[in-house]
Amino acid sequence: MTALKNAALRQLALKVLAQHAGSARGTEALVAAVRRAYDDLARVSVPLIGQVGVDALTGRALHLAQQAHPWLVRTRQPEQWKGPLDQMVFCLEQKDPAIATEAAAAVFGTLTGLIVSFIGEPLAMGLLRQAWPDAFDEARTEETEA
C-alpha cells in the first residue's frame with residue numbers, strides 16, 4: 001500500500017468518524033462514533049473473513065498505529081480485555097478528544113489498508129462503500145459539483 005493510499009484511507013476514516021459523531025463533541029461522542037464505524041465495517045467484513053479475521057486485522061492495525069501513538073497499548077488486565085476494539089476504546093477514553101480522534105483515524109486507516117491488502121482493492125472498496133456509504137456519497141457529490 002502506498003503512502004498516498006494510506007493517507008486517503010486515513011482521511012476516509014476521519015470523514016466517517018466525523019459523520020458518525022455528528023454535531024456531538026467530546027470523548028463520549030468519539031467513542032460512540034468509533035464503535036459505530038467499527039460495527040459497520042465488521043458487519044460487512046465478517047461474512048468474508050469471519051469475526052476472528054476482523055479481530056486479528058484490528059489487533060494488527062492497533063499494533064501498527066502504536067508507532068505514531070505509543071499510548072495505544074494494552075493497559076487492562078487480560079481478563080478484562082475483550083478484544084482490540086475494547087482496548088482501543090479504553091485508550092481513547094484516556095486522551096483529549098482531538099488526540100484520540102487522530103489515533104482512531106490512524107487505526108481505522110491502517111485497518112482498512114490491511115483489508116485492502118488482504119482481499120484486494122476492488123473487493124475491499126466495495127465493502128467500505130457498503131459499510132460507510134455516506135462517506136462515499138459525499139465524495140461523489142463533491143466530484144459532481146467540481
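Residues numbered from 1 in each chain as written. Predicted model: local features only at pLDDT ≥ 70, side-chain atom pairs only at ≥ 80, totals over all residues. Heavy atoms only, no water.

Leu-12, Val-34, Leu-72, Met-88, Leu-92, Phe-108 and Trp-132 are the most contacted members of the largest nonpolar core, which has 47 residues in total. Top contributing element to this core by residue count: helix H2 (residues 27-65), with 15 residues. What Phe-108 contacts, discounting residues up to four positions off in sequence, is Ala-13, Leu-17, Val-34, Ala-37, Tyr-38, Met-88 and Trp-132. (Core = buried A, V, L, I, M, F, W, Y, C linked by side-chain atoms within 4.5 Å. Buried < 20%, exposed > 50% of the residue type's maximum accessible area, 1.4 Å probe, protein only. Helix = DSSP H or I, 4+ residues; strand = E, 2+ residues; numbered from the N terminus. Contact = heavy atoms within 4.5 Å.)

Moving on to the pattern of salt bridges. For the structure shown, the criterion picks out three salt bridges. Here Glu-121 ties to Lys-5 by a salt bridge, and the two come within 2.7 Å at their closest N and O atoms. Of this pair, Glu-121 sits in helix H5 (residues 121-131) while Lys-5 sits in helix H1 (residues 3-21), placing them 116 residues apart in sequence. According to the relative accessible area criterion, Glu-121 is partly exposed, its value standing at 36%. A residue is classified by how much of its surface remains accessible, and Lys-5, at 36% relative accessible area, is partly exposed. Among the ionic pairs, Arg-35 bridges to Asp-86, the shortest N-O distance being 3.6 Å. (Salt bridge = Lys/Arg side-chain N within 4 Å of Asp/Glu carboxyl O.)

It is worth spelling out the side chain of Thr-112 at this point. Following the sequence through the fold, Thr-112 ends up in helix H4 (residues 97-119). Here Thr-112 falls in the buried class, since its relative accessible area comes to 1%. The contacts of Thr-112, once residues within four sequence positions are left out, are Leu-9, Leu-41, Leu-128 and Trp-132.

The next thing to look at is the packing of H2 against helix H3 (residues 84-92). Closest axis-to-axis distance for the H2/H3 pair is 9 Å, and the angle between their directions is 155 degrees. It follows from the interaxial angle that H2 and H3 lie roughly antiparallel. In terms of crossing hand, the pair formed by H2 and H3 is right-handed. Residues Thr-27, Val-31, Val-34, Arg-35, Tyr-38, Asp-55, Thr-58, Gly-59 and Leu-62 of H2 lie in contact with H3, whose contacting residues are Pro-84, Leu-85, Asp-86, Gln-87, Met-88, Val-89 and Leu-92. Taken together, the residues that form the contact of H2 with H3 break down as nine nonpolar, four polar and three charged. (Axes fitted to C-alpha atoms, helices over the stretch in contact; angles between N-to-C directions. Parallel < 35°, antiparallel > 145°, perpendicular 65-115°, else oblique. Left-handed = near helix turned anticlockwise from the far one by under 90°. Nonpolar A, V, L, I, M, F, W, Y, C, P; charged D, E, K, R; others polar.)

What follows is about the environment of Ala-103. Assignment of secondary structure puts Ala-103 in helix H4. Here the alpha-carbon distance between Ala-103 and Pro-70, two residues 33 residues apart in the chain, equals 9.7 Å. Once residues lying within four places of it in the same chain are set aside, the contact partners of Ala-103 are His-69, Trp-71, Leu-72 and Leu-92.

On to the environment of Gly-22, then. Its location among the elements puts Gly-22 in the loop between H1 and H2. Considered as a pair, Gly-22 and Ala-33 are 11 residues apart in the sequence and their alpha carbons are 8.7 Å apart.

Now for the packing of H2 against H5. The contact between H2 and H5 brings their axes to 8 Å, and the two run at 140 degrees. As judged from the angle between their axes, H2 and H5 are oblique. For the pair H2 and H5, the crossing hand works out as right-handed. Of the residues in H5, those in contact with Asp-40, Leu-41, Arg-43, Val-44, Ser-45 and Leu-48 of H2 are Leu-123, Leu-127, Leu-128, Gln-130 and Ala-131. By residue class, the composition of the contact of H2 with H5 is seven nonpolar, two polar and two charged.

A word on H2. For H2, with 39 residues, the first-to-last C-alpha span of 19 Å runs short of the 57 Å given by 1.5 Å per residue. The largest bend in H2 comes to about 110 degrees, at Ile-49. (Expected span 1.5 Å × (residues − 1). Bend = angle between axes of the 7 residues up to and from the residue.)

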